[in-house]
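Coordinate analysis (summary)
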Amino acid sequence: MKILTVILFLILLLGVIIIPNVSAFPVHVEVVTGGSTSSTTVVSGSISAVNNHLYLVAVSTKPDKDATNVSGLGLTWNQIKEQCAGRAQTRTEVWYAIGNPTGNDNVTATFASAPLSSVIVVSRFSNVDTSDPIGNSTSKNSNGVGDTTCTGGTDAASYSVNLTTTLNNSLAYGAVSIRQRTHTPGEGVIERAEVTAGVGGDAAGVATEDKNVTLATTLAVNGTFSSTVDYAVVAVEIKEKVDNPPNITALNYPGNNSKINSVPVNFNFTVEDDTG
């Protein structure tokens, strides 16, 4: 009995409690939109300034017009991906910024020449990898993935592009041009914004959406339109915040002079023979 007591004592003496840090997905916390017609700029509503939050901008135009610059919040903006539509009737671009904003602000996209119409959606995300927030990205129009011909495409009533995520607990973000149509996201996807500017055939529109991705995988970012349209979709992986290593806490008892983390462990105890 005494030997069993000693064994249990040693197990407790060397025991540790491992408390892993809890992982969480990037979180969509705010979105603002804006639109314009016959202008070289499109301006969003004011969005909150929060240090180390990720800001994503989706821009769409009618017709295919390149955004030359994005500005706002006192941050540096970089383009992630751009995609023309299969017939060049529209375009979708996604830009991002992260850091310490100077204050609540509007965000502005600028074009070299004025499109008939343009729209902008600015989204803010928390719990992201602040040093490297963007993972894989991809784009597609009716001609195929990453098409740059921008001609010969066919209007479609739905879209789907495969995004391969690189990490667990990431967020798949999508932005798709819809012009004057309405948009329905695919299964398990949450639409965050849908905005249109202009009238009829001169209209530009964009919808943004996202979906939690528990395990690194290839998934479809998809949806449908109210009727066929010349579309362009961009999909982006947002990476979760990098956690610290798990916390390890030793169980301490009176008289316990053991140490964890590769430090020599010393024990002082006496075992009595109980066979006699």
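Heads up: the structure comes first, above all this text.
Report follows, based on the coordinates. All values reported here derive from a predicted model rather than from experimental measurement.

Thresholds, definitions, all that
- Residues numbered from 1 in each chain as written.
- Predicted model: local features only at pLDDT ≥ 70, side-chain atom pairs only at ≥ 80, totals over all residues.
- Heavy atoms only, no water.
- Pairing = 2+ DSSP bridges.
- Helix = DSSP H or I, 4+ residues; strand = E, 2+ residues; numbered from the N terminus.
- Axes fitted to C-alpha atoms, helices over the stretch in contact; angles between N-to-C directions.
- Disulfide = S-S within 2.5 Å.
- Buried < 20%, exposed > 50% of the residue type's maximum accessible area, 1.4 Å probe, protein only.
- Contact = heavy atoms within 4.5 Å.
- Salt bridge = Lys/Arg side-chain N within 4 Å of Asp/Glu carboxyl O.
- Polar contact = N/O pair within 3.5 Å; in protein donor to acceptor, adjacent residues only side chain to side chain.

1. Remarks on the sheet that holds strand β7 (residues 91–98)
Pairing within the open sheet is antiparallel, and its five strands lie in the order β2-β9-β4-β7-β6. Looking along the sheet, the strands with just one partner apiece sit at the ends: β2 (27–37) and β6 (78–84). Pairwise comparison of adjacent strand axes, ignoring direction, gives a mean angle of 15° for this sheet. In the sheet, strand β4 (residues 54–62) pairs with β7 via eight bridges, with the strands oriented antiparallel. Along β7, the bridge assignment pairs S60 with T92.

2. So, the state of the cysteines
Enumeration according to the criterion identifies one disulfide in this entry. The disulfide bridge from C84 ends at C150, spanning 2.1 Å between sulfur atoms. Disulfide C84-C150: the torsion about the S-S bond is -90°, which places it as left-handed. With C84 in strand β6 and C150 in the loop between β11 (144–145) and β12 (156–164), this residue pair connects regions lying 66 residues apart in the sequence. Since its relative accessible area comes to 4%, C84 is described here as buried. Taking relative accessible area as the criterion, C150 reaches 18% and is therefore assigned buried.

3. Overview of the environment of G99
Relative to the elements of secondary structure, G99 occurs in the loop between β7 and β8 (108–111). Measuring from C-alpha to C-alpha, the distance between G99 and T76 comes to 8.5 Å, with 23 residues separating the pair along the chain. Sequence-distant contacts of G99, that is, excluding residues within four places in its chain, are made with V50, N51, N52, H53 and L75.

4. Describing the pattern of salt bridges
Enumeration according to the criterion identifies eight salt bridges in this entry. Residue E93 is joined to R91 by a salt bridge in which the shortest nitrogen-to-oxygen separation is 2.8 Å. For E93, a relative accessible area of 1% corresponds to the buried category. Of the residues examined, R91 reaches a relative accessible area of 10% and is grouped as buried. Residue K239 is joined to D132 by a salt bridge in which the shortest nitrogen-to-oxygen separation is 2.6 Å. Separated by 107 residues along the polypeptide, K239 in the loop between β18 (232–238) and β19 (247–250) and D132 in the loop between β9 (117–126) and β10 (134–141) bring together distant segments of the chain. Looking at D132, the relative accessible area reads 39%, which means it is partly exposed. Several salt bridges share partner residues, and in doing so they unite D64, D66, E82, R91 and E93 into one network.

5. Re the sheet that holds β8
Spatial strand order, β3-β8-β5: three strands in an open sheet with antiparallel pairing. The strands lining the two open edges of the sheet, one partner per strand, are β3 (41–43) and β5 (67–71). Between one strand axis and the next, the sheet turns through 15° on average, direction left out of account. When β5 meets β8, the two strands line up antiparallel, connected through four bridges. Looking at β8, one finds that V70 is bridged to A109.

6. Points about the side chain of Q83
As for its placement among the helices and strands, Q83 is situated in strand β6. A polar contact of 2.7 Å, which involves the side chain of Q83, links it to the side chain of S139. With residues near it in sequence (within four places) discarded, Q83 still touches R91, T92, S139, K140, N141, G146, D147, A232, V233 and V234.

7. Re the environment of A220
Structurally, the position occupied by A220 is in strand β17 (residues 218–229). When its relative accessible area of 30% is taken as the criterion, A220 is described as partly exposed.

8. Concerning unusual backbone geometry
Residues apart from glycine generally show negative phi values, whereas peptide bonds are mostly found in trans. For the peptide bond that leads from K62 to P63, omega is -5°, which places it in the cis range. One non-glycine residue with positive phi stands out, namely L73, at about 70°. Tracing the backbone shows L73 in the loop between β5 and β6. Notably, R179 is not glycine yet its phi reads approximately 50°, a positive angle. With respect to the secondary-structure elements, R179 resides in the loop between β13 (170–177) and β14 (183–185).

Keep in mind these numbers describe shape, not what the thing actually does.
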